[in-house]
Amino acid sequence: MPLDEDAVAAIYREHGPMLRRVVWRATSDANRVDDIVQEVILRVWKQAPDTDNLRAYLITTARHLIVDQHRAAGRRPQQAQLVEVAERDSALDRALDQVLVEEALGRLQPNHREIVRCLYYERLSVAETAARLGVPEGTVKSRAYYAVRNLRAVLDEMGVTR
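Residues numbered from 1 in each chain as written. Predicted model: local features only at pLDDT ≥ 70, side-chain atom pairs only at ≥ 80, totals over all residues. Heavy atoms only, no water.

- As annotated in an unreviewed UniProt entry, the protein chain carries the name Sigma-70 family RNA polymerase sigma factor and is attributed to Terrabacter lapilli.
- UniProt, in the comment section headed Sequence similarities (unreviewed entry), describes the protein chain in these words: "Belongs to the sigma-70 factor family. ECF subfamily." (UniProt positions renumbered as here; feature names shortened; annotations may be inferred.)

### So, the packing of aromatic side chains
Alright, step 1. All told, the structure shown has one aromatic pair when counted by the stated rule.
Alright, step 2. Ring centres of Tyr145 and Tyr146 lie 4.9 Å apart, and the angle between their planes is 80°; on these two criteria the pair is classed as edge-to-face.
Alright, step 3. Using a relative accessible area of 49% as the deciding quantity, one classes Tyr145 as partly exposed.
Alright, step 4. You can call Tyr146 partly exposed: its relative accessible area is 36%. (Phe/Tyr/Trp six-rings, centres within 6.5 Å; stacked < 30°, edge-to-face > 60°. Buried < 20%, exposed > 50% of the residue type's maximum accessible area, 1.4 Å probe, protein only.)

### A closer look at the environment of Tyr121
Alright, step 1. Here Tyr121 shows up in helix α5 (residues 110-121).
Alright, step 2. Given the relative accessible area of 51%, Tyr121 is considered exposed.
Alright, step 3. Each residue touching Tyr121, except ones within four places of it in the same chain, is listed here: Val101, Leu105 and Val116. (Helix = DSSP H or I, 4+ residues; strand = E, 2+ residues; numbered from the N terminus. Contact = heavy atoms within 4.5 Å.)

### Focus on the nonpolar core
Alright, step 1. Within the largest apolar cluster, 32 residues are counted, with the highest numbers of intra-cluster contacts made by Leu19, Val23, Ile36, Val40, Leu58 and Met158.
Alright, step 2. Those elements that place two or more of their residues in this core are α1 (5-27), α2 (30-47), α3 (54-73), α4 (79-106) and α7 (137-157).
Alright, step 3. One finds Ile115, Leu119, Val140 and Ala144 within the second-largest nonpolar core, a separate group that totals six residues. (Core = buried A, V, L, I, M, F, W, Y, C linked by side-chain atoms within 4.5 Å.)

### Topic: the pattern of salt bridges
Side-chain pairs of opposite charge can arise where the charged atoms are in close proximity.
Alright, step 1. This model, assessed by the stated rule, comprises seven salt bridges.
Alright, step 2. A salt bridge links Arg55 to Glu103; the nearest nitrogen and oxygen atoms lie 2.8 Å apart. One end of the pair, Arg55, is in helix α3; the other, Glu103, is in helix α4, and 48 residues separate them in sequence. Each member of the pair Arg55 and Glu103 is classed as buried.
Alright, step 3. Salt-bridge contacts for Glu122 lead to Arg132; the nearest nitrogen and oxygen are separated by 2.4 Å. Of this pair, Glu122 sits in the loop between α5 and α6 (126-133) while Arg132 sits in helix α6, placing them ten residues apart in sequence.
Alright, step 4. Residue classification places Glu122 among the partly exposed positions, given a relative accessible area of 32%.
Alright, step 5. A residue is classified by how much of its surface remains accessible, and Arg132, at 45% relative accessible area, is partly exposed.
Alright, step 6. The network of salt bridges with common partners includes Glu114, Arg117, Glu122 and Arg132. (Salt bridge = Lys/Arg side-chain N within 4 Å of Asp/Glu carboxyl O.)

Encoded structure:
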C-alpha cells in the first residue's frame, strides 16, 4: 500500500539533498539527477518499503536506476562500448562508495576523523601523524584502532555490507 503524501514529502525533505549528491557524482548530468531522484521517491511512495535503513534503500535504488539507464543507453553495445559500460559502472561504484564513506566519516568524533584523514588519506606514518597532531605515537595508534572500529559500526548502521 502506498505511503501518504506527507510521509513521502518528509522523506524527500530529509533525504533528497543526499540523493542528489549521490546521483550527481555518478552522472554529472542535472537532468538525469532530477529524473533519478524523482523515480527513487516515486518508488518509495508506491512500494512503501519495510526497511530498517531507509537511507541505504534509497542509495541502492538510485544506484540500480543509474545502472539500468547506462545499460538501456547501449542495448546492443559493440565490444568497445562494453568496456566503456564496465568503466562507467566502476566509476559509479567508486562515487557511491565515496559518498557513503564521507557521510560515515562525518559521524566520527573530530579527533578520530583527523587520525583517519592523516593515516589513510594522506598516508602519513604514525610518527608523522603524531608530530602533526602533537600527540604521542601510542595515542595515534589507539585513536586509529577506535576510529576504524567506530567507522565499521557507522557503516553497518548505514547498511553498507562491503
